[in-house]
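Secondary and tertiary structure notes
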Amino acid sequence: MNRDDLVDLNAFMAVAEARSFTRAAAKLGTSQSALSHTVRRLETRLGVRLLTRTTRSVAPTAAGERMLATLTPALNMIDAQIASLSDLRDKPQGLIRLTTSEHAAETVLLPTLAPFLAEYPDIQVELSIDSGLTDIVTDQFDAGVRLGEALAKDMVAVRIGPELRMAVVGSPAYFEHHPIPKTPQDLSQHNCINLRLRSAGGLYAWELEKNDREVRVRVEGQMSCNNTATIVRAAIRGVGLGFVMESSVADHVARGELMRVLDDWSPPFAGYHLYYPSRRQPSAAFARLVDALRFRG
């Protein structure tokens, strides 16, 4: 394989991923016509069509999909090896992209990132806040932060936070007109604030557990949203019961703005983990961030 082959393969991969010659050309800093010529040259040399072109879209053919499946990990490995050369530099540098939930960002990442970024001024960290399960490989993130029980098996997982607990809460004003629930089944008699999952689009079933007995309750109520901070504020205003992370409401409970119920049905569970592909070759910047985030409690 010569240098032209790598250029042609990189051009094909850019078009296949962008599904557009225009967007791929802008990314590569070349013209659309030059990029089209490069891809046709590759197809001619291989003797097979890699892309299906219409006036409105571009998509890989079966052969193109096969080629893309082979190229993606190979070129990602090359990129990782090049990035790892920063180990030879005195100062780690570069951009690290992380996908995380809002709660994990506030409770685990930001307390560590503040001193970390001050210590390493040549490192930049981009946080993408998303409560869904993002595909970090497809979306080109360096790593993701999720609960330990939600990690794929082909990922390296590093624990970065303590165990967590959930909490069922309601305001004193709400409980003036509603009885305090004693069992998960009692929730059917309450106005509960549902969490709409951003990834799947469905409503989150409240997961409760006591003495190794697990219960998933599909609650009902007048309000639902896709943001836990809004659920907390709504619960404080007496809209209904909320089911959120314990740490999100600890201060409100201490001040008497919220009351916690079904406490014995909320045992601790695995906390947040940083995860990334096992085949990834960490750069110096990424390795230092992992070490800084690693939970040592």
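Structural data are supplied above this passage.
Residues numbered from 1 in each chain as written. Predicted model: local features only at pLDDT ≥ 70, side-chain atom pairs only at ≥ 80, totals over all residues. Heavy atoms only, no water.

Right, let's get into the pattern of salt bridges. Scanning the entire structure with this criterion turns up 13 salt bridges. A salt bridge links arginine 255 to glutamate 257; the shortest N-O distance between them is 3.3 Å. Taking the shortest distance from any N to any O, the salt bridge between aspartate 291 and arginine 296 comes out at 2.9 Å. Taking relative accessible area as the criterion, arginine 296 reaches 55% and is therefore assigned exposed. (Salt bridge = Lys/Arg side-chain N within 4 Å of Asp/Glu carboxyl O. Buried < 20%, exposed > 50% of the residue type's maximum accessible area, 1.4 Å probe, protein only.)

On to the nonpolar core. Core analysis: the biggest nonpolar cluster contains 53 residues, and Leu187, Trp206 and Leu274 have the highest contact counts within it. Contact partners of leucine 187, with chain neighbours within four places excluded, come to Pro181, Cys192, Trp206, Leu208, Val217, Val219, Leu241 and Leu262. Among the nonpolar cores identified, the runner-up in size contains 19 residues, and Ala24, Ala25, Val39 and Val58 belong to it. (Core = buried A, V, L, I, M, F, W, Y, C linked by side-chain atoms within 4.5 Å. Contact = heavy atoms within 4.5 Å.)

Phi at arginine 19 is positive, roughly 55°, even though this residue is not glycine. Residue position: arginine 19 is located in the loop between α1 (3–18) and α2 (21–28). Under the relative-accessibility criterion, arginine 19 is labelled partly exposed at 41%. Although it is not a glycine, leucine 262 adopts a positive phi angle of roughly 55°. Within the fold, leucine 262 resides in the loop between β13 (259–261) and β14 (272–277). (Helix = DSSP H or I, 4+ residues; strand = E, 2+ residues; numbered from the N terminus.)

Below, the discussion takes up the environment of glycine 161. Here glycine 161 lies in the loop between β6 (155–159) and β7 (166–170). Look at glycine 161 and you get buried, because its relative accessible area is 1%. With 50 residues separating them in the primary sequence, glycine 161 and asparagine 211 have C-alpha atoms 24 Å apart.

Taken as a whole, this structure holds five aromatic pairs when the rule is applied. Seen from their ring centres, tryptophan 206 and phenylalanine 243 are 5.1 Å apart, and the 25° between their planes marks the pair as stacked. Within this pair, whereas tryptophan 206 is found in strand β9 (residues 206–210), its partner phenylalanine 243 is found in strand β12 (residues 242–245), the two being separated by 37 residues in sequence. Grouping residues by exposure puts tryptophan 206 and phenylalanine 243 together as buried. Here the aromatic rings of tyrosine 276 and phenylalanine 286 are separated by 5.0 Å at their centres, their planes lie at 85°, and the arrangement is edge-to-face. In this pair, tyrosine 276 is assigned in strand β14 and phenylalanine 286 in helix α9 (residues 284–293), connecting sequence segments ten residues apart. Members of the aromatic cluster, connected to one another through ring pairs, are Tyr204, Trp206 and Phe243. (Phe/Tyr/Trp six-rings, centres within 6.5 Å; stacked < 30°, edge-to-face > 60°.)

As a packed pair, helix α5 (residues 102–119) and α9 sit with axes 10 Å apart at the nearest point and diverge in direction by 125°. Taken as axis vectors, α5 and α9 run oblique relative to one another. Our pair here, α5 against α9, has a crossing hand that is right-handed. Across from Val108, Leu109, Thr112, Leu113 and Phe116 in α5, the residues of α9 making contact are Ala285, Arg288, Leu289, Ala292 and Leu293. Partitioning the contact of α5 with α9 into residue classes produces eight nonpolar, one polar and one charged. (Axes fitted to C-alpha atoms, helices over the stretch in contact; angles between N-to-C directions. Parallel < 35°, antiparallel > 145°, perpendicular 65-115°, else oblique. Left-handed = near helix turned anticlockwise from the far one by under 90°. Nonpolar A, V, L, I, M, F, W, Y, C, P; charged D, E, K, R; others polar.)

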